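Tertiary structure, described
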Amino acid sequence: MKLPASSAYFPYRPEALLRVSGDDAASFLQGQFTNDLAGLAPGKAAYGLWLDVKGRVQADSFVIGGPGAGEFWIASLFSPGALLKKRLEDFIIADDVTVEEPAAPWDGFALVGAEAGAWLAAEPRPGLVFPARRSAEPAWEWLVPPEQGRAARAQLAQAAELSAEEMERRRIAAGIPRIPGDLGPADLPNEGGLEGAAISYSKGCYLGQEVMARLKSRGRLRRRLARVAGRGAPPPLPAPLWRGAEKAGELRSAARDASGGGYSGLALLAVGAVGAELAFSAGGTAALRPA
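Residues numbered from 1 in each chain as written. Predicted model: local features only at pLDDT ≥ 70, side-chain atom pairs only at ≥ 80, totals over all residues. Heavy atoms only, no water.

Take the overall build of the protein next. Of the regular secondary structure elements, the protein holds 7 helices and 15 strands. For the protein, the C-alpha radius of gyration of 20 Å lies close to 19 Å, the compact-globule estimate for 291 residues. Projecting the C-alpha coordinates of the protein onto the three principal axes gives extents of approximately 60 × 50 × 30 Å. Looking at the protein as a whole, 48% of its 291 residues qualify as buried. Considering only intrachain contacts with a sequence separation of at least 6, the fraction spanning at least 24 residues in the protein is 67%. Here the protein has roughly 13,400 Å² of accessible surface; of this, 52% comes from carbon and sulfur atoms. Taken together, the 33 basic and 32 acidic charged side chains of the protein have centroids lying 7 Å from each other. (Helix = DSSP H or I, 4+ residues; strand = E, 2+ residues; numbered from the N terminus. Rg over C-alpha atoms; globule rule 2.2 N^0.38 Å. Buried < 20%, exposed > 50% of the residue type's maximum accessible area, 1.4 Å probe, protein only. Contact = heavy atoms within 4.5 Å. Areas by Shrake-Rupley, 256 points an atom, 1.4 Å probe, with all protein chains shown as cover. Lys, Arg positive; Asp, Glu negative; His and termini not counted. Charge placed at Lys NZ, Arg CZ, Asp CG, Glu CD.)

This is how it looks when you write it as structure tokens:
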């Protein structure tokens, strides 16, 4: 049975895919990841972040329960695999934990549309399947080993294939940050609105937890990721933004409108500049408006 024509798909290669295993794998990952992995069942996934001691965002990923005891998979759409592997291995001291990359890159397919989830669940699928963070509409990730990529793609043939630009438009429209493009090593998760989706405030200690707890109790942020829109072609990124003579932030990502007449983007802005018209130079003509 093929994916229904009412759905759509986007073929890609995940930036990171790691297999983590060992007797201490569960406790080790729980002490590093921002979301709660306790009781993560085989095939189930949790989305979260990898922070430094100051609570700054180093990478994001999904952690998926593997079929074997003490086995997990880590998949990231945009955070580099080499960075994630080093981040994990730097904190393995006396733990029985092994971090491995597959011998060859896996194929990824983002499936978009309400019927895609039911189709994926209708029969066993090779590889890894988990809910996506792609757009405002329902979506799922399907990662398969390279030897099964062609067969998997054949099952999607009657659905529409989406472009990378279209996926960017959908992501930006939903306000979902790309890490590290929209939020990176100088930024806090809450500045990108990730406190609900990626942070557990009730689990045990993890790197950066004290900063997250302080932010939750005080609730004050100086910057926020906001949707913006402009005319013409987007500038080279990241692009500094100004509100009058004051630096207001940066345009971090952008995608052309389907019509080609303008673009939408995500900008990390000083809280006071959110909702204002912005320029690309001090005192310049307003080029961006709230979206």
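Now that the structure is up, let's keep going.
So, about the nonpolar core. Soluble globular proteins tend to bury their nonpolar side chains together. Grouped together as the largest cluster of nonpolar side chains are 38 residues, with contacts concentrated most on Leu49, Leu128, Leu143 and Met212. Ignoring any residue separated from it by four or fewer positions in sequence, one finds Leu49 in contact with Gln32, Phe33, Thr34, Val57, Ala59, Asp60, Ile179, Pro189, Leu194, Ala198 and Ile199. Residues Leu40, Val63, Leu84 and Val99 belong to the second largest nonpolar core, which totals 19 residues. (Core = buried A, V, L, I, M, F, W, Y, C linked by side-chain atoms within 4.5 Å.)

In spatial order, the strands read β8-β9-β7-β1-β10; together these 5 strands make up an open sheet with mixed pairing. Either end of the sheet is taken by a strand with one partner, and the two such strands are β8 (128–131) and β10 (160–161). Of the strands in this sheet, β7 (107–112), β8 and β9 (139–144) are in contact with helix α3 (residues 114–121), which crosses β9 at around 40°. (Pairing = 2+ DSSP bridges. Axes fitted to C-alpha atoms, helices over the stretch in contact; angles between N-to-C directions.)

Quick look at the pairing of β8 now. Residues Leu128 and Phe130 point to one face of β8 and are all buried, whereas Val129 and Pro131, pointing to the other face, are not buried. With 4 bridges connecting them, β8 and β9 associate as antiparallel partners. Along β9, the bridge assignment pairs Phe130 with Glu141.

What follows is about the packing of aromatic side chains. If you walk through the whole model with that rule in mind, you get 7 aromatic pairs. Between Trp119 and Trp142, the aromatic rings sit 5.9 Å apart at their centres with planes inclined by 70°, giving edge-to-face as the arrangement. Residue Trp119 is located in helix α3, and its partner Trp142 is located in strand β9; the two are separated by 23 residues in the primary sequence. Trp119 sits in the buried class, given a relative accessible area of 2%. On the basis of relative accessibility, which here comes to 0%, the residue Trp142 falls in the buried class. Taken together, Tyr47, Phe62 and Phe130 form an aromatic cluster joined through their ring pairs. Geometry around Tyr12 places Arg134 over its ring, the cationic atom sitting 4.6 Å from the centre. (Phe/Tyr/Trp six-rings, centres within 6.5 Å; stacked < 30°, edge-to-face > 60°. Lys NZ or Arg CZ within 6 Å of the ring centre and 35° of its normal.)

Moving on: the environment of Gly184. Structurally, the position occupied by Gly184 is in the loop between α5 (164–173) and α6 (195–198). A relative accessible area of 4% means that Gly184 is categorised as buried.

So, on to unusual backbone geometry. Going from Ile179 to Pro180, the amide bond is cis rather than trans, its omega being 15°. Following the sequence through the fold, Pro180 ends up in the loop between α5 and α6.

According to the stated counting rule, one finds 1 cavity of 30 Å³ or more in the structure shown. Along the walls of the largest cavity sit Tyr47, Asp60, Ser61, Phe62, Ala75, Ser76, Leu77, Phe78, Arg133, Ile176 and Pro177, which together make up its complete lining. Secondary-structure elements contributing two or more residues to the lining of the largest cavity are β4 (57–65) and β5 (71–76). The element best represented in the lining of the largest cavity is β4, accounting for 3 residues. When the residues that make up the lining of the largest cavity are grouped by side-chain class, the tally is 7 nonpolar, 2 polar and 2 charged. (1 Å grid on protein atoms, 1.4 Å probe; cavity = no way out; pocket = protein on both sides within 12 Å on 5 of 7 lines; lining within 4 Å. Points joined across faces, edges and corners; volume = space filled by probe spheres on them. Nonpolar A, V, L, I, M, F, W, Y, C, P; charged D, E, K, R; others polar.)

Remember, this is a structural readout, not a statement about activity or role.
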